[in-house]
Amino acid sequence: MKQLLCLLLTAAVAFTCNAIQPSERKIIRITTDNTELAFEVGPDRRLYQTYFGPRLLSEEDLKNLSWNRPAGAGSTGALEVYSTSGNEDYFEPALGVTHGNGNMTTYLYYEGSSVENIDGGTHTRINMRDDRCPLSVTLNYVVYPKENVIKTWTEISHREKKPVSLFRYASAMLYLNASEYWLTEFSGDWAKEVRMSQEQLRFGKKILDTKLGSRAAMHVSPFFEIGLDGPVREHSGEVLMGTIGWTGNFRFTFEIDNVGNLRVLPGINPYASTYELKAGETFTTPEFIFTLSSEGASQGSRNLQAWARNHSLKDGLGKRMTLLNNWENTGFSFNQESLTGLMKEAKDLGVDMFLLDDGWFGNKYPRSNDRAGLGDWEATRDKLPGGIPALVSAAGEAGVKFGIWIEPEMVNPKSELYEKHPDWVIEQPDRKTYYYRNQLVLDMSNPKVQDHVFSVVDNILRENPGVAYFKWDCNSPITNIYSPYCGERQGQFYIDHVRGIYKVLDRIKEKYPEVPMMLCSGGGARCDYEALKYFTEFWCSDNTDPVERAYIQWGFSQFFPAKAMAAHVTGWNRSTSVKFRTDMASMCKLGFDIGLKELSADELEYCREAVKNWKRLEGAIMDGTQYRLVSPYETNHMAVEYVNTARNSGVVFAYDLSPRFQGKLPVLRLQGLDPAKKYLVREINLMPGRKSSFIQNEKILSGDYLMKVGLDMFSHRHNNSMVVELTAQ
Ligand code: GLA
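Since we're looking at a predicted model, the values are computed, not measured.

> When you look at the side chain of Arg-263 in this model, what are you seeing that I'm missing?
Secondary-structure assignment places Arg-263 in strand β17 (residues 262-268). Given a relative accessible area of 3%, Arg-263 falls into the buried group. Among the polar contacts made by the side chain of Arg-263, one reaches the side chain of Asp-89 at a distance of 2.9 Å. A polar side-chain atom of Arg-263 sits 3.0 Å from the main-chain carbonyl oxygen of Glu-92. Aside from chain neighbours lying at most four places away, what touches Arg-263 is Ser-83, Asp-89, Phe-91, Glu-92, Met-173, Leu-174, Tyr-175, Thr-253, Phe-254 and Glu-255.

Structure representation (structure tokens):
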């Protein structure tokens, strides 16, 4: 009876599934300047991937691609673009649905497609539908030809009588056909983010996923690289680089099948998240963003960095503010007077803004440590009698902007918010509560909680329009996993929680489009391109030891432009020089979080000079092209170069980490310069009174020479750095 109902409903939407004639071949091309992803509708009207690789030059050649590849015994060899559960594809499906009638099988047939021009590229929509149940899927591909980046996501909806349950809902599915596949993952923990490791994939599955809910990327970051035919290399070889825009549980599945094809399935992690979809509702998956480079990871990174600035990152083409933060310096111990002093120091240092960190709020339960106050966003009267208005005006008098830290999705049980709204918290009603950093996560699936979180920012900005910046933190994963709001629909919770965050961020962006915000999550545990539509930058790690930062910044730079990566000079690893620490932070968005009074007069003078230099070179570092030249993973050194778009200004950062005694120093050949131009090569960021020992200092060298012969910037000293500016003559 149920099946009959399903059939009748299908008939009602007048769907017919006709075999198409060979003369009517339907080929769909998803192409950037360098990459081609090709699909073809098979004679059975199902959609197959026929090619993914470097762009094919001739349209004619696409007709020679076969939707049904020669494959091993027992396999159809057909690679369906968005495979579904319950059919003859025996591997991990992209879509898994339990229909209203309990049937767990879905077949998708091609219905039609369209292409629309959008800013910077094109948007292809491919509509598919089941032939037995009224379930529709739209595959979306937005292509950015110039940057060679594709982003893809899927929309799922239905008109079945009863809700359907989604138990798999990948954003997309990609097949690769190479002789070897090498996966680079980025894993770690607090203060050891994005440690890169590589392994060869073999038959079966490798899964990278997170179940942390919020602070979701604490153990693994939402991106990966796949080296094709060999391990990923910086400057050569084919590599697929992909990342998912989802600020919650994600999952990447890499599966090698019986004939040695690799399928890549990026998506929300379906763990504890069987999603009930009502008729007429649309389930939209997160965006999966990818690039295919034939010139190694370095070029893939440049593709993504340019795409992010041009098309995705909040205020991607705008300026960034240098700053002085107080967290590493004062912790929770400060008052109006000491902060006013720091604002003056910020001005003297030459940075644009003073950023007040944690510890400024809470009255019934003052936030004098991390055990109380979270949730009560009113300035602590004892510490800050004039509240935020007095801080904003003190900053104005000092001549710097004022920014402030918030962690609005969280609550300490010792807070007025928790006392008033215990049901706003993700917490088991009848089990012992587990606390992470003494706090709990608010239930963002609840619209009332969304209003509250919006009001944290809204109240501050309404009362203090002078607040110029937010650092938005998220220190706890979700524990005690139960949403009072979702009630019996707990399968929705992890997903609706993240969607709740986006709803709030949408409101903030709409009302305060100009206010920059830093995304922070106990360091770099939130770093995805969906969140970065709302945030101008993210905090890479609480670990600001410059040696560790070399690896962390190298890792994040694989997917993000320097503009999105905040780096501060702090007191971590005081055994290294202030110059080394500053030179390391200068390759990203520069800030300071150090007691300037603890610096010697020379060190302070050095920092002032370094800020000036950074600002002069902002066009190259923030908006130019980045070339990762020498890897800390492969050598005991690191070098990164930035060149502005006109190729008349650049900067090279070279670091000696722990060189061996008289070890061979890496050759440092530059990239991306104009070979015909002559560049003045000059060492900058020198300690006051120190003469440069750089043998090519003040020379005028051609771009050709610099790219073929190179510079001698490395030494055998430990924790040593050199910064060289290039100015076209
Ligand atoms: C997190 C952040 C730090 C700092 C503290 C404040 O750990 O990563 O930068 O803001 O919270 O509690």
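On we go.
> Just checking my understanding: could you explain the packing of aromatic side chains for this structure?
Describing an aromatic ring pair means giving the distance of the ring centres and the angle of the ring planes. What the rule picks out here adds up to 37 aromatic pairs. Where Phe-223 meets Phe-559, the ring centres are 4.6 Å apart and the plane angle is 25°; that geometry is what we call stacked. Of the two residues, Phe-223 sits in strand β14 (residues 223-228) while Phe-559 sits in the loop between α10 (546-557) and β29 (565-569), which places them 336 residues apart along the sequence. Each member of the pair, Phe-223 as well as Phe-559, is classed as buried.

> Would you mind going over the environment of Tyr-534 with me for this structure?
Positionally, Tyr-534 belongs in the loop between β27 (517-519) and β28 (537-539). Its relative accessible area of 6% is what places Tyr-534 among the buried residues. Along the backbone, Tyr-534 and Lys-509 are 25 residues apart, and their C-alpha atoms lie at a distance of 6.6 Å. A polar contact is formed between the side chain of Tyr-534 and the side chain of Asp-506, at a distance of 2.8 Å.

> When you look at the site of the ligand in this model, what are you seeing that I'm missing?
Around the ligand, 13 residues are found, and the nearest of them are Asp-357, Asp-358, Lys-471, Asp-473 and Asp-542. Here Asn-475 contributes a side-chain N or O atom positioned 3.3 Å from an oxygen atom of the ligand. In this structure, an oxygen atom belonging to the ligand sits 3.0 Å away from a main-chain N or O atom of Gly-523. In the complex, the protein chains occlude 95% of the 310 Å² of accessible area that the ligand would expose alone. Here the shell around the ligand is composed, by residue class, of four nonpolar, three polar and six charged.

> Help me understand the pattern of salt bridges in this model?
Pairs can form between side chains of opposite charge once their charged atoms are near each other. Counted according to the given criterion, the structure contains 46 salt bridges. Glu-725 is the partner of Arg-682 in a salt bridge, and the nearest nitrogen-oxygen pair spans 3.1 Å. Of this pair, Arg-682 sits in strand β34 (residues 678-684) while Glu-725 sits in strand β36 (residues 720-728), and the two are 43 residues apart along the sequence. Judged by its relative accessible area of 29%, Arg-682 is partly exposed. Each of Glu-92, Arg-168, Lys-205 and Arg-251 takes part in one network of salt bridges that share partners.

> Would you mind showing me how to read the packing of α10 against helix α11 (residues 578-585) here?
Between two packed helices, the angle of one axis relative to the other and the distance separating the axes together describe the packing. Across the interface, α10 lies against α11 with an axial gap of 10 Å and an inter-helix angle of 15°. With respect to each other, α10 and α11 are oriented roughly parallel. At the point where α10 passes α11, the crossing takes the left-handed sense. Judged by residue contacts, Pro-546, Val-547, Arg-549, Ala-550 and Gln-553 of α10 engage Phe-580, Arg-581 and Met-584 from α11. For the contact of α10 with α11, the per-class residue count stands at five nonpolar, one polar and two charged.

The rules behind these values
Residues numbered from 1 in each chain as written. Predicted model: local features only at pLDDT ≥ 70, side-chain atom pairs only at ≥ 80, totals over all residues. Heavy atoms only, no water. Helix = DSSP H or I, 4+ residues; strand = E, 2+ residues; numbered from the N terminus. Buried < 20%, exposed > 50% of the residue type's maximum accessible area, 1.4 Å probe, protein only. Polar contact = N/O pair within 3.5 Å; in protein donor to acceptor, adjacent residues only side chain to side chain. Contact = heavy atoms within 4.5 Å. Phe/Tyr/Trp six-rings, centres within 6.5 Å; stacked < 30°, edge-to-face > 60°. Near = heavy atom within 4 Å. Areas by Shrake-Rupley, 256 points an atom, 1.4 Å probe, with all protein chains shown as cover. Nonpolar A, V, L, I, M, F, W, Y, C, P; charged D, E, K, R; others polar. Salt bridge = Lys/Arg side-chain N within 4 Å of Asp/Glu carboxyl O. Axes fitted to C-alpha atoms, helices over the stretch in contact; angles between N-to-C directions. Parallel < 35°, antiparallel > 145°, perpendicular 65-115°, else oblique. Left-handed = near helix turned anticlockwise from the far one by under 90°.

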